[in-house]
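# Structural description and commentary
Residue-level listing of the chains:
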Amino acid sequence: MSTTVPSTGAAGDHRAISAAALIAIYMQAVNISIPNAALPHIQGDALDGE
């Protein structure tokens, strides 16, 4: 005998919150790393042989 349990959508909500949190963390990491990588070039301290 099998019965179906009505879905409350809690799993979908959990996945959406988890995805949003991961995207926010990724965007924050990119937001920090890009200026840190560009700063030496902006300051003129890049090691390009000159």
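Read on for a plain summary of the structure. (Residues numbered from 1 in each chain as written. Predicted model: local features only at pLDDT ≥ 70, side-chain atom pairs only at ≥ 80, totals over all residues. Heavy atoms only, no water.)

## Some details on the overall build of the chain
Using the following cut-off: Secondary structure counts use DSSP, requiring at least four H or I residues in a row for a helix and at least two E residues in a row for a strand, with both numbered from the N terminus. Here, Shrake-Rupley sampling with a 1.4 Å probe gives the accessible areas, and only protein chains in the shown set may cover a residue.
Helices and strands together make up the secondary structure of the chain, namely one helix and zero strands. Per element, the accessible surface of the chain, about 4800 Å² overall, is 64% carbon and sulfur.

## Description of helix α1 (residues 10–43)
Basically, it comes down to this: Multiplying 1.5 Å by the helix residue count minus one yields the expected span of that helix. Note that the bend at a residue is defined as the angle between axes fitted to the seven residues ending at it and the seven residues starting at it.
When the terminal C-alpha atoms of α1 are compared, their 50 Å separation across 34 residues agrees well with the 50 Å that a helix rising 1.5 Å per residue should span. Its axis deflected by about 25 degrees at Ala37, α1 carries its strongest bend there, up to four residues before the proline Pro40. Looking one or two residues beyond α1, the residue adopting positive phi is Gly44, at roughly 85 degrees.

## Section: a nonpolar patch on the surface
For clarity, the cut-off: Two joining distances apply to patches: 9 Å for like charges and 5 Å for nonpolar side chains (Val, Leu, Ile, Met, Phe, Trp, Tyr), and every residue must have over 30% relative accessible area and no salt bridge. Any carboxyl oxygen of Asp or Glu within 4 Å of a side-chain nitrogen of Lys or Arg constitutes a salt bridge here. Exposure classes here rest on a 1.4 Å probe applied to the protein chains alone. A residue is buried below 20% of its type maximum, exposed above 50%, and partly exposed in between.
Together, Ile23, Tyr26 and Met27 line one region of the surface with nonpolar side chains, adding up to about 370 Å² of accessible area. You can call Tyr26 exposed: its relative accessible area is 58%.

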